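# Fold and geometry: a report
Residue strings, one per chain:
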Amino acid sequence: MAAPVQQPTQPGGGKRKGKAQYVPVKRARRCDAGGPRQLEPGLQGILITCNMNERKCVEEAYSLLNEYGDDMYGPEKFTDKDQQTSGSEGEDDDVEAALKKEVGDIKASTEMRLRRFQSVESGANNVVFIRTLGIEPEKLVHHILQDMYKTKKKKTRVILRMLPISGTCKAFLEDMKKYAETFLEPWFKAPNKGTFQIVYKSRNNSHMNREEVIKELAGIVGSLNSENKVDLTNPQYTVVVEIIKAVCCLSVVKDYTLFRKYNLQEVVKSAKDPSQLNPKQGNGQETKLESGDKLNQNNPAEGKNNQQVVPEISEELGQIKPTSEMQVVNEGGAKPDIASQVTEGSKSNENDLS
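Now for a quick tour of the structure.

Conventions we followed
Residues numbered from 1 in each chain as written. Predicted model: local features only at pLDDT ≥ 70, side-chain atom pairs only at ≥ 80, totals over all residues. Heavy atoms only, no water. Salt bridge = Lys/Arg side-chain N within 4 Å of Asp/Glu carboxyl O. Helix = DSSP H or I, 4+ residues; strand = E, 2+ residues; numbered from the N terminus. Buried < 20%, exposed > 50% of the residue type's maximum accessible area, 1.4 Å probe, protein only. Core = buried A, V, L, I, M, F, W, Y, C linked by side-chain atoms within 4.5 Å. Contact = heavy atoms within 4.5 Å. Pairing = 2+ DSSP bridges. Expected span 1.5 Å × (residues − 1).

Once that is clear, we can look at the pattern of salt bridges. Evaluated as defined, the whole model comprises eleven salt bridges. Glu67 serves as the salt-bridge partner of Lys155, at 3.4 Å between the closest nitrogen and oxygen. Of this pair, Lys155 sits in the loop between α4 (137–151) and β4 (159–165) while Glu67 sits in helix α1 (residues 54–73), and the two are 88 residues apart along the sequence. Residue classification places Lys155 among the partly exposed residues on the basis of a relative accessible area of 34%. Its relative accessible area of 43% is what places Glu67 among the partly exposed residues. Here Lys177 and Glu216 are joined by a salt bridge, their closest N and O atoms 3.8 Å apart. With Lys177 in helix α5 (residues 173–183) and Glu216 in helix α7 (residues 210–224), this pair connects stretches of sequence that are 39 residues apart. Lys177 gets classed as partly exposed once you look at its relative accessible area, which sits at 23%.

Nonpolar side chains in soluble globular proteins tend to end up buried together. Judged by nonpolar contacts, the single largest core of 44 residues is most densely connected at Ile48, Leu65, Leu140, Ile144, Met162 and Tyr262. Contact partners of Ile48, with chain neighbours within four places excluded, come to Cys57, Ala61, Asn126, Val127, Val128, Ile130, Ile159, Arg161 and Met162. The next biggest cluster of nonpolar side chains, apart from the first, holds 26 residues, and it includes Ala171, Ile220, Leu224 and Val252.

Attention now goes to the pairing of β4. Within β4, seven of the seven residues are buried, leaving the element largely enclosed by the surrounding structure. With five bridges joining them, strand β1 (residues 45–50) and β4 adopt antiparallel strand pairing. Residue Cys50 lies in a different strand from β4, and its bridge partner there is Ile159.

With that settled, the discussion passes to α1. Its 20 residues give α1 an end-to-end C-alpha distance of 27 Å, which sits within 8% of 28 Å, the value for a rise of 1.5 Å per residue. Where α1 is buried, its residues contact β1, β2 (117–120), β3 (127–132), α4 and β4. Looking one or two places after α1, you find Gly74, whose phi comes out positive at around 85°.

Below, the structure written as structure tokens:
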């Protein structure tokens, strides 16, 4: 039988270490384009939902964001620096000039990696997160939806919703409370005030309670200014809470109802325009439309005409529109804002699944 192969001994008398004893150092979670590779606290960006084709969604997002980003903020500035560094090729003979050129190329390459828009891993299926630098996500997304709402031109096929994310933090209740106290000040702290609603959505997370999160955030908004009121029909501001794994994404957006919950596929449909303008008018026609739709959805077996039942509902409710939409408000009369926001969050969950 062949004798076992022994490891060669080093000159000092010790055995040579095997390769298995050398543990590779864990690489930092960074991508080639610079910045984080996945969604984490401390980022700003745009949360995009799609329909089963994330790669096509990223391509459409880059195209759409670059188009409107260049319109609002101008082209990215790193291109000019590339042209300046590439123009000094004739001084390679001089050592100092060559060193300066090399240093300039290194700086330019690092600046190129910090792009204005960069896709990172969101941590959920059919969800794309685009990290942004040097722009205000809420203004850019509002500009995109406003233009699409006016022109009625469909510019995407895969993208469903596009939500701006103004800040992210850890998805734990205490961390969210501390972060929201300063995050919500520009919109709700006195002398600023406005009507609001809270929309909640959670993905791949089981330790957060929706009712507790909405209750705490509503309490923070009320503590910043007592004149802040809840309005589920046509609020001035909508507080968007998107939780993915252990990261909480927050933003405050305008025209959430008018722009069909920031859905790019629905905002270009002209058939929805009359129903979107009714909330601002505040007429009884809105309660007729809403109550009629709910009778069709909730009581399909009754067989009653909407024209006979709806006028009675609109006369009884008058201007109290949230009670016609949310049945939970009647049960929790002491806290109508919290209960109605919870039901509003459940509605957004159903729409996100589509």
